[in-house]
Amino acid sequence: MSAMNNHCDPLELLLSRLQGVKKHGERHVACCPAHDDKSPSLSLSRGEDGRVLVHCHAGCETHDVLAAVGLELKDLFPDNLSREQRQQYRREQLEKERHFERLVIEAGNGSLANGKDLSDEDVARMALAQERIERLDRQLAEPAEPEPPRVEPERPCWGVYEGWVLNEKGARLKPGVYWHGYRRTKEDEEAELSEDSERPLRDDWIATPVFVVARTLNSDDGTEGRLLRLVAQGGDKEWVLPMEVFGGSGEDARRSLFAMGAVIAPRQRSRFMEYLLDQQPRQTIATTSRPGWHESGVFVLPHRTLGGDGVRYQTAGRAPNLYAARGELAQWQSRVATQCLGNPVLTLAIGCALAGPLLNLVGVNGGGVHLVGDSSSGKSLAQLLGASVWGDPGVFAASWDMTKGGLEIEAASRNDTLLSLDEIKRADPRRVQEMAYALANGQGKGTMTREREGRAKLHWRLLTLSSGERSLSEHAAIGGNPAHAGAELRMVDVNAGTRTHRAFDELHGMEGADFHRALTVAAGQHYGHLGPAFVERLIAGDDRDGLLEDFARVRACFVVENAQAGRVADRFAVIALAGEMAIAYGLLPWPVGTSLADSQLLYREWLERVGSGNAEDRQILAGIAGFIERHGSSRFSDVDAGETDSRIFDRAGYWELDGARRLYLFNKSGLIEAAAGFGLARIVKALEAAGALAKRDNDKKRNTKKYRLPGGGSAGLYVVDPERLENEGGTHG
């Protein structure tokens with residue numbers, strides 16, 4: 001499509017894109033954009049019929065000059081030139097260029113005939129001239145530009161054309177949206193024209209070509225829209241226009257269209273919206289504002305639908321394309337995937353990215369994996385590789401440094417894929433555990449409009465790949481919040497700092513820095529292919545029952561002793577399954593069993609760190625042990641002392657010696673404070689399970705033992721053996 005419109009002068013259009021422009025009478029000179037022009041060598045003037053005459057004195061072809069500034073040969077013509085005039089100009093221009101190249105060859109031959117030696121530069125220029133002559137001969141032999149098709153619209157009406165057309169009178173109309181009507185004449189005002197009278201035609205150019213393809217119905221909330229197809233210089237583009245924009249000025253919609261390459265005449269903006277509203281397409285298609293699996297069975301991504309063509313992704317048009325692709329899958333496989341072999345943290349990251357589409361199919365809830373290691377250990381590389389499965393790593397990855405509402409938006413925009421969150425130290429310590437719960441639960445917080453109508457909650461199901469120098473609970477503790485075992489289970493810690501080479505186990509003969517750099521560069525050049533290819537193979541297989549059986553077999557390889565560890569095992573199992581499926585599909589160049597073995601290894605490491613017991617029990621025991629360590633001397637005193645210790649403020653209890661060991665006698669409030677976040681009954685249950693309640697009254701109905709207190713009186717106290725806390729909570733907690 002031409003870059004010029006009715007309001008552009010061809011010469012002014014070209015001059016506006018050149019450097020070093022100077023005017024000499026009726027002629028202009030400028031620096032040629034097609035070569036390294038140190039001094040202006042491009043001559044420009046206007047022909048008698050308005051066409052632009054271009055000549056580079058260094059020998060550059062007109063086509064190359066125009067291409068360097070984003071124009072075409074047809075942009076040198078005013079709209080009123082006939083087809084014959086345009087063809088004649090094209091031929092004259094080609095003949096002129098051919099004549100110039102012929103002179104170059106003749107000059108060189110003349111020098112040789114006079115016995116002069118030619119420099120290497122002269123010989124190369126003659127060879128180039130011969131190449132150009134041969135190409136110009138081919139262009140001159142090409143058939144003439146065909147006559148544009150003729151249209152006869154039923155005026156008054158709208159019209160939209162992808163290419164040039166001729167109206168009933170033979171006038172050329174450039175591509176775009178038109179209003180075809182009649183000009184109002186003086187005769188119209190004085191009297192009605194007879195049927196055989198000819199009325200002057202009016203063809204108002206409204207915008208570049210925009211077709212209204214279909215009516216859309218959003219599966220998420222039932223709202224309607226229109227599917228538009230734009231014909232722009234960058235190629236055809238689609239966009240779903242929400243019908244609600246017609247309730248206002250339409251400015252936001254037009255701004256989005258301009259951003260995608262459409263051009264709307266300044267004085268025709270309201271008529272353009274009228275054009276869109278007048279269209280009544282017969283086809284109806286579904287749309288969704290959430291990527292991932294659609295109820296129809298297809299997998300929807302921005303600008304692409306896998307498994308079918310009946311659903312479109314609906315966006316405001318200004319959001320970045322998270323799911324962009326660059327380079328080649330084969331290059332990603334050879335330069336990235338092969339280097340991940342022998343590195344469980346890296347294979348886990350890729351499996352984590354591929355597991356997103358499987359979660360809903362095998363019935364596994366979302367959650368996360370949290371890579372823990374010192375700064376610059378290689379955690380960020382694992383996250384970068386995981387992000388490269390779906391899109392540009394620099395854009396697809398997100399940050400912990402956002403509000404909970406912002407995190408919900410980021411998660412929903414990556415539904416059924418992967419959410420990669422960088423350093424957890426950026427997160428608000430007071431909210432980080434709450435955010436971890438929300439990510440795993442897959443549901444955002446409901447809000448209200450100004451009209452007190454409930455907005456639809458955001459939903460998602462995905463795995464989160466997080467990183468940090470501290471674990472989730474350690475970061476939460478900075479804000480003074482106790483650790484919640486449920487949050488830790490939803491964001492499982494993985495050792496990415498003390499392996500053979502920090503986060504890596506195998507460097508494939510390279511130094512650590514070189515290994516990191518090579519994979520970083522490769523993932524930045526080739527990305528966005530593996531995830532969609534995996535989903536396409538998954539859809540083509542169409543074996544839901546077989547998938548469930550495969551997951552059951554893989555899950556059986558992860559031994560658990562309680563339901564809480566089972567949730568973590570589910571996560572490692574679905575990651576392993578995704579990796580093994582990609583291997584079977586031929587998408588990952590790894591030996592069969594690689595993903596399963598690496599996931600089992602990391603799962604066993606997690607079990608060794610936390611133990612196989614109840615996570616809340618471990619948290620309670622660890623909290624009480626830490627409380628004793630911090631306050632054992634300041635908030636406890638000897639229960640056998642003759643008088644009350646006046647130095648104790650905010651008393652949590654007493655202590656007594658039982659042989660060589662010291663037992664701590666908690667009062668009720670002290671015990672609840674020590675295991676913050678849990679009720680008394682739950683705390684006692686954890687102490688009993690660990691055998692940490694050392695004494696109680698003989699009737700066994702009480703969990704306390706009655707003591708006479710220094711200074712008089714008595715009280716029932718919870719007798720805690722700190723050694724049992726160390727064994728049950730400290731070693732594994």
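As annotated in an unreviewed UniProt entry, the protein carries the name Uncharcterized protein, DUF927 family and is attributed to Azotobacter beijerinckii.

Q: Is there a simple way to explain unusual backbone geometry in this structure?
A: What is expected of a backbone is that most residues other than glycine have negative phi and most peptide bonds are trans. In this chain, Arg155 is followed by Pro156 through a cis amide linkage whose omega measures -5°. Note on placement: Pro156 falls in the loop between helix 4 (120-141) and strand 5 (157-161). The phi dihedral of His303 falls on the positive side, at around 70°, and the residue is not glycine. Within the fold, His303 resides in the loop between strand 15 (299-301) and strand 16 (304-306). Judged by its relative accessible area of 68%, His303 is exposed. Non-glycine residue Ser376 carries a positive phi angle of around 60°. Within the secondary structure, Ser376 sits in the loop between strand 18 (367-372) and helix 10 (379-388). Ser376 gets classed as exposed once you look at its relative accessible area, which sits at 66%.

Q: What should I look at first to understand the state of the cysteines in this one?
A: Cysteine pairs can be covalently joined through their sulfur atoms, and such a bond is termed a disulfide. Per the counting criterion, the structure on display carries zero disulfides. Between Cys60, a free cysteine, and Cys56, which holds the nearest cysteine sulfur, the sulfur-to-sulfur gap is 3.8 Å. Taking the relative accessible area as the measure of exposure, Cys60 reaches 13% and is therefore buried. Between Cys352, a cysteine without a disulfide, and Cys340, which holds the nearest cysteine sulfur, the sulfur-to-sulfur distance is 13 Å. Cys352 sits in the buried class, given a relative accessible area of 0%.

Q: Can you walk me through the packing of helix 9 (residues 344-362) against helix 20 (residues 594-610) in this structure?
A: Helix-helix packing: each pair is described by the crossing angle between the helix axes and the interaxial distance. Two numbers describe how helix 9 lies on helix 20: the axes approach to 9 Å, and their chain directions differ by 110°. If you check the angle between helix 9 and helix 20, you find them roughly perpendicular. On helix 20, the residues that touch Pro344, Val345, Thr347 and Leu348 of helix 9 are Asp598, Ser599, Leu601 and Leu602. Its residues assigned to classes, the contact of helix 9 with helix 20 comprises five nonpolar, two polar and one charged.

Q: Teacher, can you tell me more about the sheet that holds strand 14 (residues 292-293) here?
A: By way of backbone hydrogen bonds, the strands of a sheet pair with one another, either parallel or antiparallel. With respect to topology, three strands assemble into an open sheet ordered 14-15-16, the strand pairing being antiparallel. What marks the edges here is a single partner per strand, and that holds for strand 14 and strand 16. By the bridge criterion, three bridges tie strand 15 to strand 16 in an arrangement that is antiparallel. Within strand 16, the position partnered with Val300 by the bridge is Thr305. Those strands touched by helix 17 (residues 530-541) are strand 14, strand 15 and strand 16, and its axis lies near 35° from that of strand 16.

Q: Explain the sheet that holds strand 17 (residues 311-313) here, please?
A: Taken in spatial order, the five strands line up as 12-11-10-13-17 in an open sheet, and their pairing is mixed. Edge strands, defined here as strands with exactly one partner in the open sheet, are strand 12 (235-242) and strand 17. The mean angle between the axes of side-by-side strands here comes to 40°, regardless of whether they run parallel or antiparallel. Of the pairings in the sheet, the one linking strand 10 (residues 210-218) to strand 13 (residues 284-288) comprises four bridges and is parallel in character. Of the residues in strand 13, the one forming a bridge with Arg215 is Thr284. With respect to the sheet, helix 6 (residues 251-259) is in contact with strand 11 (224-232) and strand 12, its orientation differing from that of strand 12 by roughly 165°. Set on the sheet, helix 7 (residues 269-278) makes contact with strand 10, strand 11 and strand 12; between it and strand 10 the angle comes to about 60°.

Q: Got a minute to help me understand the nonpolar core in this structure?
A: One recurring pattern in soluble globular proteins is that nonpolar side chains are buried together. Val574 and Leu588 are the most contacted members of the largest nonpolar core, which has 77 residues in total. The contacts of Leu588, once residues within four sequence positions are left out, are Trp332, Ala337, Ile350, Leu354, Leu530, Gly579, Ala582 and Ile583. Counting 25 residues, the second largest nonpolar core, distinct from the first, contains Ile620, Leu621, Phe627 and Ala675.

Q: What's the story with the packing of aromatic side chains in this structure? I'm lost.
A: Ring pairs (aromatic) are described by centroid distance and by the angle formed between their planes. Under the defined criterion, the tally for this structure stands at 17 aromatic pairs. Taking 6.3 Å as the distance between ring centres and 40° as the angle between the ring planes, the aromatic pair formed by Phe272 and Tyr275 counts as tilted. Separated by three residues within a single helix, Phe272 and Tyr275 lie in helix 7, roughly one turn from each other. Here Phe272 matches Tyr275 in class, with each residue buried. Look at Phe558 and Tyr603: their rings are 5.5 Å apart centre to centre, the planes differ by 75°, and that puts the pair in the edge-to-face class. Of this pair, Phe558 sits in the loop between helix 18 (544-555) and helix 19 (563-584) while Tyr603 sits in helix 20, and the two are 45 residues apart along the sequence. Three or more aromatic residues link up through ring pairs in this structure, and these residues are Trp293, Phe299, Tyr323, Trp390 and Phe396.

Q: I tried to follow the side chain of Ser595 on my own but got confused; where do I start?
A: Assignment of secondary structure puts Ser595 in helix 20. Polar side-chain contacts of Ser595 include one of 3.4 Å to the backbone oxygen of Ala576. Once residues within four sequence positions are removed from consideration, Ser595 is found in contact with Ile575, Ala576, Gly579, Glu580 and Ile583.

Q: Which parts of the structure should I look at to understand the domain arrangement of the protein?
A: Put simply, an interface is often sized by how much accessible area is lost when its parts join up. Taken domain by domain, the protein holds domain 1 (10-76), domain 2 (83-141), domain 3 (157-183 + 200-283), domain 4 (329-447 + 455-608) and domain 5 (615-724). Between domain 4 and domain 5, the C-alpha centre-to-centre distance is 41 Å.

Q: Whenever I open this one, a negative patch on the surface confuses me. Can you help?
A: A surface patch of negative charge is lined by Asp220, Asp221, Glu244 and Glu295. Mapped onto the elements of the fold, Glu295 is located in the loop between strand 14 and strand 15.

Q: Where do I start with the confidence of the model for the protein in this structure?
A: It should be kept in mind that the predicted coordinates are not to be read in detail where pLDDT is low. Residues of the protein with pLDDT of at least 70 account for 91%, and the chain-wide mean is 88. Here residues 1-7 scores under 50 on pLDDT; set against residues more than four positions off or in separate chains, the count is 25 contacts. The low-confidence segment residues 448-454 (pLDDT under 50) makes six contacts with residues lying over four places distant or belonging to another chain.

So, how was this worked out
Every chain is numbered on its own, with residues counted from 1 as its sequence reads. Under the rules for a predicted model, residues below a pLDDT of 70 receive no local features and side-chain atom pairs below 80 are neither given nor counted, while totals for whole chains, interfaces and linings still include all residues. Excluded from the side-chain calculation are hydrogens and water; included are all heavy atoms of the structure. Segments assigned H or I by DSSP are reported as helices when at least four residues long, segments assigned E as strands when at least two residues long, and all are numbered from the N terminus. Each residue gets one of three labels from its accessible area relative to the maximum for its type: buried under 20%, exposed over 50%, partly exposed in between, using a 1.4 Å probe on protein chains only. For the purposes of this analysis, a disulfide is any pair of cysteine sulfur atoms at a distance within 2.5 Å. For helices, the fitted line uses only the C-alpha atoms of the stretch in contact; every axis is such a line through C-alpha atoms, and the angle between N-to-C directions lies from 0 to 180 degrees. Just so you know how the angles are binned, under 35 degrees is roughly parallel, over 145 roughly antiparallel, 65 to 115 roughly perpendicular, and the rest oblique. By definition, residues are in contact when any of their heavy atoms lie within 4.5 Å. Throughout this entry, Asp, Glu, Lys and Arg are counted as charged residues, while Ala, Val, Leu, Ile, Met, Phe, Trp, Tyr, Cys and Pro are counted as nonpolar. The remaining residues, Gly among them, count as polar. Any two strands are treated as partners once DSSP identifies two or more bridges connecting them. Working definition of a nonpolar core: buried Ala, Val, Leu, Ile, Met, Phe, Trp, Tyr and Cys residues. They are joined through side-chain atoms within 4.5 Å. Centres within 6.5 Å make a pair out of two Phe, Tyr or Trp rings, where for Trp the six-membered ring is used; the pair is then stacked when the planes are under 30 degrees apart, edge-to-face when over 60, and tilted otherwise. Distance and chemistry together define a polar contact, namely a pair of N or O atoms within 3.5 Å, with one atom able to donate a hydrogen and the other to accept it when in protein, and with adjacent residues in sequence counting only for side-chain atoms on both sides. Here the limits of each domain have been adopted from an automatic or database domain assignment. For patches, a residue must show more than 30% relative accessible area and have no salt bridge; joins then use 9 Å for like charges and 5 Å for nonpolar side chains, namely Val, Leu, Ile, Met, Phe, Trp and Tyr. Only the protein chains shown count as cover for residues, with accessible areas throughout obtained via the Shrake-Rupley method and a probe of 1.4 Å. What makes a salt bridge here is a side-chain nitrogen of Lys or Arg within 4 Å of a carboxyl oxygen of Asp or Glu, nothing more. In this tally, Lys and Arg are treated as positive and Asp and Glu as negative; His is ignored, and so are the chain termini. By convention, the charge on Lys lies at NZ, on Arg at CZ, on Asp at CG and on Glu at CD. Along the chain, pLDDT gives the predictor's confidence residue by residue, from 0 to 100.

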